[in-house]
Amino acid sequence: MKISIDGQVRNLQAVWYENSTVHLIDQRKLPANVEIFKASSSDEVAFAIKDMVVRGAPAIGVAAAYGLAMAKEKGEDMEKVVTKIRSTRPTAHDLFAAIDYMTRNQFALSSARRYAQEISNRCKKIGEIGNPLIGQKSRVLTHCNAGALAVLDWGTALAPMRFAKIEGKEIFVFVDETRPRLQGANLTAWELLQEGIDHAIIADNAAGHFMHTGQVDLAIVGADRIAANGDFANKIGTYEKAVVARENNIPFYVAAPGSTFDFSLNSGNEIPIEERSQDEVKTVGIQKVGPQDSKAKNPAFDVTPARYVTAFITEYGLFKPDELPNLRLKMDRDLFMQGR
Ligand code: MRU
């Protein structure tokens, strides 16, 4: 991902490994500052995932993969390290896919590098496959951040938009601000600016208005975990966007690599939903909002039933929810997905 820092353009990934240290773009500091967080122990990697220095399902997986390889090289007790990293965030399936991949490969650094490269390549492919869904002047709605910051490069939901831009399409993106952590306003809008893609940040509760008044042609979101029947978890607020999209006959696409699919779960009811701190709801940035004595509820994700999904955009192609058994067959034959 190209990032302009003080007028200089640098090519950075959301996560990388250098000098026996996991390097992460500190996503808590964007868009005001581009700072690199350096994790040199598994405790620091676990903190970075939990505190959302790094976030977004595929990027969490890559951070875990590098963290495990680093811990192994430093002689940490790997059983304890695996337990610690597993307990950081419960919803994103990529975390568990990465841990399984690394466990099968004896936590080798070369395997972590391969995992990272595969995920990046697969998300690029999602961009190629999703691009034809976007018209010459399409107006696209997205929620949360499913861009390069959430992967390594390219993104999932944003990858088709980046390909559309490269092809010269004049697209416009509605960016839901995504309370409480503001991943849309702070991260997606920042990425789109870097890419020169026209967009506007909208309050979360404005999305229905833009869909109802005919200003949105399609919606593309990412996912944190997709069950075998096509129900999927994504950032809180996704469900209501999908329902309003259906009400207004707007196609609703979910872009995700194979690592986000969890075929061990029959339906979305089985997806664990992370509950985060009340303080995230009672603050905007550093500004406190609401009576601090009031309680707050903060589920980080919701589950959207499969019936609202037009299709999943994956590296293997497009799949309607009832076609997921075909995707499963393809993943079963894919050596990388089998941990090799
Ligand atoms: O809590 P976050 O910021 O990790 O949640 C991220 C999302 O919900 C993304 O949409 C999802 O991980 C897909 S990222 C390619």
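Bear in mind the structure is a predicted one, so any value in this text is a computation, not a measurement.

Peer 1: In this structure, what is going on with unusual backbone geometry? I would like to understand it.
Peer 2: It is generally the case that most residues other than glycine have a negative phi and that most peptide bonds are trans. In this structure, P31 follows L30 across a cis peptide bond, with omega equal to 5°. Checked against the element boundaries, P31 lands in the loop between β4 (21–25) and β5 (36–39). In this structure, P180 follows R179 across a cis peptide bond, with omega equal to 5°. With respect to the element layout, P180 can be found in the loop between β7 (172–176) and α7 (183–195). Although it is not a glycine, N19 sits at a positive phi angle of roughly 50°. Within the secondary structure, N19 is located in the loop between β3 (15–18) and β4. Among the residues examined, N19 registers a relative accessible area of 66% and is labelled exposed. A positive phi angle, near 70°, is found at M52, a position not held by glycine. You can see M52 is positioned in the loop between α1 (42–50) and α2 (57–73).

Peer 1: Can you help me understand the nonpolar core in this one?
Peer 2: In summary, soluble globular proteins display a tendency toward joint burial of nonpolar side chains. Core analysis: the largest hydrophobic core is formed by 78 residues, its most contacted members being V15 and I220. The leading source of residues in this core is α2, at 12 residues. Per-domain counts for this core show at least three residues from each of domain 1 (2–121) and domain 2 (132–332). V15 has contacts with V22, H23, L24, V54, A59, V62, A63, Y66 and L152, leaving out every residue within four places of it along the chain.

Peer 1: Explanation requested: the sheet that holds strand β8 (residues 199–202) in the structure shown.
Peer 2: Sheet strands associate in pairs through backbone hydrogen bonding, adopting either a parallel or an antiparallel arrangement. Across the sheet, seven strands lie side by side as β8-β7-β6-β9-β12-β17-β18; this open sheet has mixed pairing. With partners counted over all chains shown, the strands left at the sheet margins are β8 and β18 (317–319), one partner each. Each strand axis lies, on average, 25° off the axis of its neighbour in the sheet, ignoring direction. Alignment of strand β6 (residues 139–142) against β7, held across four bridges, turns out to be parallel. The partner of R139 across the bridge, within β7, is F172. On the sheet, helix α6 (residues 158–166) packs against β6, β7 and β9 (218–221) and is oriented at approximately 155° with respect to β6. Relative to β18, helix α10 (residues 324–332) is tilted by about 140°, and along the sheet it contacts β17 (311–314) and β18.

Peer 1: Teacher, can you tell me more about the sheet that holds β3 here?
Peer 2: With antiparallel pairing, the three strands of this open sheet are ordered in space as β3-β4-β5. Of all strands in the sheet, those bounded by a partner on one side alone are β3 and β5. Looking at each pair of strands side by side, their axes are set apart by 25° on average, direction ignored. As defined by bridge partners, β4 adjoins β5 across four bridges and the pair is classed as antiparallel. Within the sheet, the bridge partner assigned to H23 lies in β5 and is K38. Its contacts with the sheet put α2 on β3, β4 and β5, and the angle it makes with β3 is roughly 15°.

Peer 1: Is there a simple way to explain the packing of α2 against helix α4 (residues 93–104) in this structure?
Peer 2: The relative placement of two packed helices comes down to the angle between their axes together with the axis-to-axis distance. Viewed as axis vectors pointing N to C, α2 and α4 meet at an angle of 30°, and their least axial separation amounts to 7 Å. In terms of orientation, α2 lies roughly parallel with respect to α4. Between α2 and α4 lies a crossing whose hand is right-handed. Here A57, P58, I60, G61, A64, A65, L68 and A69 of α2 lie close against α4, whose contacting residues are D94, L95, A98, I99 and M102. Of the residues that constitute the contact of α2 with α4, the class distribution is 11 nonpolar, one polar and one charged.

Peer 1: Any chance you could explain the environment of R86 here in plain terms?
Peer 2: As for its position among the elements, R86 is in helix α3 (residues 78–86). We classify R86 as partly exposed; its relative accessible area is 36%. Separated by 38 residues in the primary sequence, R86 and A48 place their C-alpha atoms 13 Å from one another. Those residues in contact with R86 that sit more than four places away from it in its chain are L95, F96, I99 and D100.

Peer 1: Any chance you could explain the site of the ligand here in plain terms?
Peer 2: Neighbouring the ligand are 18 residues; R55, R89, D224, N234 and K235 lie closest to it. Within the side chain of D224, an N or O atom sits 2.8 Å from an oxygen atom of the ligand. Calculation on the ligand without its partners gives an accessible area of 420 Å², and the protein chains cover 100% of this total. For the shell around the ligand, the elements supplying multiple residues, two or more each, are α2 and β11 (232–235). Tallied by class, residues from the shell around the ligand come to eight nonpolar, six polar and four charged. Of the residues that make up the shell around the ligand, three or more belong to each of domain 1 (2–121) and domain 2 (132–332).

Reading the values: rules and limits
- Residues numbered from 1 in each chain as written.
- Predicted model: local features only at pLDDT ≥ 70, side-chain atom pairs only at ≥ 80, totals over all residues.
- Heavy atoms only, no water.
- Helix = DSSP H or I, 4+ residues; strand = E, 2+ residues; numbered from the N terminus.
- Buried < 20%, exposed > 50% of the residue type's maximum accessible area, 1.4 Å probe, protein only.
- Core = buried A, V, L, I, M, F, W, Y, C linked by side-chain atoms within 4.5 Å.
- Domains from an automatic or database assignment.
- Contact = heavy atoms within 4.5 Å.
- Pairing = 2+ DSSP bridges.
- Axes fitted to C-alpha atoms, helices over the stretch in contact; angles between N-to-C directions.
- Parallel < 35°, antiparallel > 145°, perpendicular 65-115°, else oblique.
- Left-handed = near helix turned anticlockwise from the far one by under 90°.
- Nonpolar A, V, L, I, M, F, W, Y, C, P; charged D, E, K, R; others polar.
- Near = heavy atom within 4 Å.
- Polar contact = N/O pair within 3.5 Å; in protein donor to acceptor, adjacent residues only side chain to side chain.
- Areas by Shrake-Rupley, 256 points an atom, 1.4 Å probe, with all protein chains shown as cover.

Note that every value here comes from positions in space, so none of it alone points to a role or purpose.
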